[in-house]
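So you can see what is in the structure, the chains are spelled out below.
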Amino acid sequence: MAAVTPEPTDQPIPTQALDGAVAEYPRDRLYVMTAVFLAIVTAVEIATYVWPELPVWSWGHESNVGIIAALMVLMAIKFFTVAWVFMHLKFDKPLLNRLFAAGLILAISVYLAVMAAFRMFWAGDEMVRRG
Amino acid sequence: MAETVTHHRELLAERDAHAPVAHPDHATNTGISNTKLAMWLFLASECLLFGGLITTYLLYKHPLPGSGPGPHDVFDIPFTSASSFVLLMSSLTMVLAVSAIERGDHHRLRVWLVGTALLGATFIAGQVYEFTVFYNEGLGYTTSRFSSAFYTLTGFHGVHVTVGIIMLVSLVLLSLRGRLPEHRSETVEIVGLYWHFVDVVWILIFAVVYLIP
């Protein structure tokens, strides 16, 4: 497939005129398959609630560490799948990846620091006391 | 050795130059339209907003003794799972709408946009129902620190979904008036970005607020 190098113009550019991949890429099928994958991951998430005793995530039973770890991983998979495929980060310029990652990393860092400041990760020693 | 590395780099550059891209270059320094870049910047800032709300919820999720019901007294996980699934599938219909306008299929564009708006409205209706049930069970906005944090977080998300529905309906009206031609497909894509972001935020909220014990 030949590379497309559009002329600079002030007018909006018809996508098909510039991007052969749009016509050829099996997008709708990819989107449907992605949605099926997301539905399956969601079903597994719900399974942690319905069958919490399953050995896959029932380790660390007292502290629910297994379930929390499983849910965090599943959540991250869903999050990045939607961002990667549905939000077109897979197809778009890398700058947008970096932009979104910057916001995300900043948010995660700041709020992990906030939670650490409130001693949320030290059981029984939270500054916001449990009831 | 150096020649091999150089040759490899040239091959990679050649491959990148011919890699399929989904969107055209724009006459800007970044090659990305300013509108789209602004939307991504906005979404990056929204990460901070929702990060703050989720963190506040995590800090306050345990109500003080005698200050009203806690999360596990009121949450209806099967119901919320169903509404989460509805919102997740609205992302599929949204991306199919973007795909339709890129192909110039305006009829399907409108079908998918209306479908997305209806799924969004179903989610909001579920949220209103859920809030009503919680209120009737004694969980008002100021009942406890848990209730304030919960309603603020999920309420902010609900407002975002509602704004998204308004944008979707506006797109349908523009399309019906013939004011959404193919070369303005980026408008639909940008609204789609907002909608998918609302979906990914709910992915976080559903796991962190509802499912984590």
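Computed from a predicted model, the values in this text were never measured in an experiment.

What follows is about the overall build of chain A. Counting its regular elements, chain A contains five helices and zero strands. Going from N to C terminus, chain A has its helices and strands arranged as α-α-α-α-α. Out of the 131 residues belonging to chain A, those deemed buried represent 34%. Long-range contacts, defined as pairs at least 24 residues apart, comprise 42% of the intrachain contacts of chain A with a sequence gap of at least 6. Carbon and sulfur atoms form 68% of the exposed surface of chain A, whose accessible area is close to 7,600 Å².

It is worth spelling out the packing of helix H5 (residues 106–136) of chain B against helix H7 (residues 185–211) of chain B at this point. Residue and element names in this part refer to chain B. Axis separation between H5 and H7 bottoms out at 13 Å; the angle between their running directions is 30 degrees. One finds that H5 runs roughly parallel with respect to H7. Handedness of the H5/H7 crossing: left-handed. On the side of H5, the interface is formed by Leu109, Leu113, Thr116, Gly120, Phe123, Gln127 and Glu130, while H7 contributes Val188, Trp195, Trp202 and Tyr210. Residue composition of the contact of H5 with H7, grouped by class: seven nonpolar, three polar and one charged.

In this section: the confidence of the model for chain A. With 73% of its residues at a pLDDT of 70 or more, chain A shows a mean pLDDT of 79. pLDDT under 50 marks residues 15–24 of chain A. Its contacts with residues more than four places away, or in other chains, come to 24 contacts.

Here we come to unusual backbone geometry. In terms of backbone geometry, most residues other than glycine have negative phi values and most peptide bonds are trans. Residues and elements named next belong to chain A. Phi angles above zero are rare outside glycine, and His88 is one such case at about 70 degrees. By the secondary structure assignment, His88 is in the loop between helix H4 (65–86) and helix H5 (94–117). Residue class for His88 comes out buried when judged on its relative accessible area of 2%.

Time to look at the pattern of salt bridges. Residue and element names in this part refer to chain A. Applying the stated criterion to the full structure yields five salt bridges over all chains. Where Lys78 meets Glu45, a salt bridge forms, and the shortest distance between an N and an O atom there is 2.9 Å. Of this pair, Lys78 sits in helix H4 while Glu45 sits in helix H3 (residues 27–50), and the two are 33 residues apart along the sequence. Accessibility expressed as a relative area gives 0% for Glu45, which makes it buried.

To continue, consider the environment of Val188 of chain B. Residue and element names in this part refer to chain B. Looking at where Val188 falls in the secondary structure, it is placed in helix H7. A relative accessible area of 0% means that Val188 is categorised as buried. For the pair Val188 and Ala97, spaced 91 residues apart in sequence, the C-alpha to C-alpha distance is 7.8 Å. Excluding anything up to four places from it in sequence, Val188 contacts Met94, Ala97, Val98, Ile101, Leu109, Leu113, Leu171 and Leu180.

Residue and element names in this part refer to chain B. Among the secondary structure elements, Glu46 is positioned in helix H2 (residues 34–60). Buried within the structure, Glu46 lacks any salt-bridge partner; its nearest side chain of opposite charge belongs to Lys36, at an N-O separation of 18 Å. With near-sequence residues (within four places) excluded, Glu46 lies in contact with His160 and Phe197.

If you want to describe how two helices pack, look at the angle between their axes and the distance between the axes. As a packed pair, H4 of chain A and H7 of chain B sit with axes 9 Å apart at the nearest point and diverge in direction by 175 degrees. Relative to H7 of chain B, the element H4 of chain A is oriented roughly antiparallel. For the pair formed by H4 of chain A and H7 of chain B, the contact residues are Leu71, Met75, Lys78, Phe79, Val82, Ala83 and Phe86 of chain A on the first element and His196, Asp199, Val200, Ile203, Leu204, Ala207, Val208 and Leu211 of chain B on the second. Taken together, the residues of the contact of H4 of chain A with H7 of chain B sort by class into twelve nonpolar, one polar and two charged.

Thresholds applied
- Throughout, residues of each chain are indexed from 1 in the direction in which the sequence is written.
- Chain A is the first chain written and ligand 1 is the first ligand written, with later ones labelled in order.
- Given that this is a predicted model, residues contribute local features only at a pLDDT of at least 70 and side-chain atom pairs are listed and counted only at 80 or more, while totals for whole chains, interfaces and linings are drawn from all residues.
- Side-chain numbers here rest on the full set of heavy atoms in the structure, without hydrogens or water.
- Helix and strand definitions here come from DSSP, where helices need a minimum of 4 consecutive H or I residues and strands a minimum of 2 consecutive E residues; each element is numbered from the N-terminal end.
- Classification of residues uses two cut-offs on accessible area relative to the type maximum, computed with a 1.4 Å probe and protein chains only: under 20% is buried, over 50% is exposed, and between them is partly exposed.
- Whether two residues touch is decided by their heavy atoms; if any such pair falls within 4.5 Å, the residues are in contact.
- For the accessible areas, the method is Shrake-Rupley and the probe is 1.4 Å, while residue cover comes only from the protein chains on display.
- Axis geometry follows a simple rule: fit a line to the C-alpha atoms, using only the stretch in contact for helices, then measure angles between N-to-C directions, giving values from 0 to 180 degrees.
- Should an angle fall under 35 degrees it is taken as roughly parallel, and over 145 as roughly antiparallel, whereas 65 to 115 is taken as roughly perpendicular and any remaining angle as oblique.
- If you view the pair so one helix is near and one far, a crossing is left-handed when the near helix is turned anticlockwise from the far one by less than a right angle, and right-handed when it is turned clockwise.
- Here the term charged refers only to Asp, Glu, Lys and Arg, the term nonpolar to Ala, Val, Leu, Ile, Met, Phe, Trp, Tyr, Cys and Pro, and the term polar to all other amino acids, Gly among them.
- The predictor attaches a confidence to each residue, and that confidence, scored 0 to 100, is pLDDT.
- Between Lys or Arg on one side and Asp or Glu on the other, a salt bridge is scored when a side-chain nitrogen of the former is within 4 Å of a carboxyl oxygen of the latter.
- For the charge count, each Lys or Arg is scored as positive and each Asp or Glu as negative, with His and the chain ends excluded.

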